[in-house]
Amino acid sequence: MTNNEKSLFWICVILTMSMAFTALMISLPRTADTVNPTRLDYQGTIVAIFALLVTALIGWQIYSALGIDRRVYKAEKRIANMLSRLQATQTKIDATAESSEYYSNGANLLLMALIDYVQTNNNAAMSNDEKIKHYRNCYIVSTKSIADLVNSNKDKKLISPLLDMCLQCISLSTAFLFKDENIQTTKDVFTEDKHEKCEMHYAAIMKNSAALGAEYVTKINEYRLKRLQLLK
């Protein structure tokens, strides 16, 4: 049954009942009863029935309104919970993406430092001064690599091999830079801005020093202090 058919049905019902009640009242009009004015008759019964129906309808409307409020509240609560879960999921995705980006950058920087070191070490035609510049770059890039690997918050077992290679690259570079015959040139190429860059990387590393462990922190501090000697 369509909406139009339902509407027509109820209109017919209402008209039929109205006509029936009208006919009843015309055929059986109420007469005044002076002896028992409060006696029950058909008109009182009709009024009582209508009063009962109106009361029931009003009560039903109130109940329906309260039911709608409850359903709206539950729906809003479900939506809020869903939004909260979506927000938590998005936050987790963002954190994972950021972590992966740090890890990827750290690994790429380590690869660049290792390639630069190997090429410099195997290039017999390169002058000593040029080698010092390249080893300085290896030192700085390896330090940045450590900072990114630590900030990735990856499992220590995953980043430990890469950290070992970074420290090895720094150690080999430092061994060449601090040779007696190279120390003056090393001071010249390790300009103030290079020191500031290394200190910035060091600060980033120390933010998550607890994730590194005492052994790595000790080694990193040793190389840092040795570099700072160049400023004296």
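Everything discussed here concerns the structure shown above.
Residue indices follow the written sequence of each chain, beginning from 1 at its first position. Reporting of local features is limited, given that this is a predicted model, to residues whose pLDDT is at least 70; pairs of side-chain atoms are given and counted only at 80 or more, and all residues count toward the totals for whole chains, interfaces and linings. Excluding hydrogens and water, the side-chain figures rest on all heavy atoms present in the structure.

1. Structural notes on the overall build of the chain
- Secondary structure counts use DSSP, requiring at least four H or I residues in a row for a helix and at least two E residues in a row for a strand, with both numbered from the N terminus. If you tally the helices and strands in the chain, you get 8 helices and 0 strands.
- Moving toward the C terminus, one meets the helices and strands of the chain in the order α-α-α-α-α-α-α-α.
- For the chain, the residues scored as buried account for 27% of the 232 residues in total.
- By the convention used here, residues are in contact when the closest approach between their heavy atoms is within 4.5 Å. If you take every contact in the chain between residues at least 6 apart in sequence, the share linking residues at least 24 apart comes to 71%. Type-normalised accessible area, obtained with a 1.4 Å probe on protein chains alone, sets the label of each residue: buried when under 20%, exposed when over 50%, and partly exposed for intermediate values.

2. Focus: a positive patch on the surface
- On the surface, a cluster of positive charge is made up of Arg 70, Arg 71, Lys 74 and Arg 78.
- Within the secondary structure layout, Arg 70 lies in helix H2 (residues 42-122).
- Using a relative accessible area of 43% as the deciding quantity, one classes Arg 70 as partly exposed. What makes a patch is a set of residues exposed beyond 30% relative accessible area and free of salt bridges, joined within 9 Å when like-charged and within 5 Å when nonpolar (Val, Leu, Ile, Met, Phe, Trp, Tyr). Note on areas: Shrake-Rupley with a 1.4 Å probe; residue coverage comes only from the protein chains shown. Counted as salt bridges are all cases of a side-chain nitrogen of Lys or Arg within 4 Å of a carboxyl oxygen of Asp or Glu. Within this scheme the basic residues Lys and Arg register as positive and the acidic residues Asp and Glu register as negative, but His and the chain ends are omitted. Positions of charges follow a simple convention, taking NZ of Lys, CZ of Arg, CG of Asp or CD of Glu.

3. Here's the deal with the packing of helix H4 (residues 156-177) against helix H8 (residues 214-228)
- Axis geometry follows a simple rule: fit a line to the C-alpha atoms, using only the stretch in contact for helices, then measure angles between N-to-C directions, giving values from 0 to 180 degrees. Across the interface, H4 lies against H8 with an axial gap of 11 Å and an inter-helix angle of 25 degrees. Between H4 and H8, the interaxial angle falls into the category roughly parallel. H4 and H8 meet at a crossing whose hand is left-handed. Across the interface between the two elements, Lys 156, Ser 160, Leu 163, Asp 164, Leu 167, Ile 170, Ser 171 and Thr 174 of H4 pack against Tyr 216, Lys 219, Ile 220, Tyr 223 and Lys 226 of H8.
- Each residue belonging to the contact of H4 with H8 can be placed in one class, and the counts come to 6 nonpolar, 3 polar and 4 charged. Throughout, the term roughly parallel applies to angles under 35 degrees, roughly antiparallel to angles over 145, roughly perpendicular to angles from 65 to 115, and oblique to all others. Handedness of a helix crossing follows the sense of rotation of the near helix relative to the far helix, less than a right angle counterclockwise being left-handed and clockwise being right-handed. Three classes are used: nonpolar for Ala, Val, Leu, Ile, Met, Phe, Trp, Tyr, Cys and Pro, charged for Asp, Glu, Lys and Arg, and polar for all others, with Gly counted as polar.

4. Things to note about the side chain of His 201
- Mapping His 201 onto the fold places it in helix H6 (residues 192-207).
- For His 201, a relative accessible area of 8% gives the class buried.
- In contact with His 201, not counting residues within four places along its chain, are Ile 140, Thr 143, Lys 144 and Ala 147.

5. Let's talk about the side chain of Arg 227
- By the secondary structure assignment, Arg 227 is in helix H8.
- When sequence neighbours within four positions are dropped, the list of residues in contact with Arg 227 reads Tyr 139, Phe 178, Phe 190, His 195, Cys 198 and Glu 199.

6. Quick look at the environment of Ala 175
- Looking at the element boundaries, Ala 175 is found in helix H4.
- By relative accessible area, Ala 175 is classed as partly exposed at 47%.

7. A few points about the packing of aromatic side chains
- Here a pair means two rings of Phe, Tyr or Trp (six-membered ring of Trp) with centres within 6.5 Å. Their orientation is stacked below 30 degrees between planes, edge-to-face above 60, and tilted elsewhere. The final tally for this structure, using the stated rule, is 3 aromatic pairs.
- Here the aromatic rings of Tyr 117 and Tyr 135 are separated by 5.2 Å at their centres, their planes lie at 50 degrees, and the arrangement is tilted. Here Tyr 135 lies in helix H3 (residues 128-151) and Tyr 117 lies in helix H2, a separation of 18 residues in the sequence. Here Tyr 117 and Tyr 135 have matching classes, each one buried.
- Between Tyr 135 and Phe 176, the ring centres sit 4.6 Å apart and the planes meet at 55 degrees, which makes this aromatic pair tilted. Note that Tyr 135 is positioned in helix H3 and Phe 176 in helix H4, a separation of 41 residues in sequence. Like Phe 176, Tyr 135 is buried.
- Pairwise contacts between aromatic rings join Tyr 117, Tyr 135 and Phe 176 into one cluster.
- In this analysis the charged atom, NZ for Lys or CZ for Arg, is taken to sit over a ring once it is within 6 Å of the ring centre and within 35 degrees of the ring normal. Cation over ring: Lys 226 sits above Phe 178, and NZ or CZ is 5.3 Å from the ring centre.

The quantities given are spatial measurements derived from coordinates; they are silent on function.
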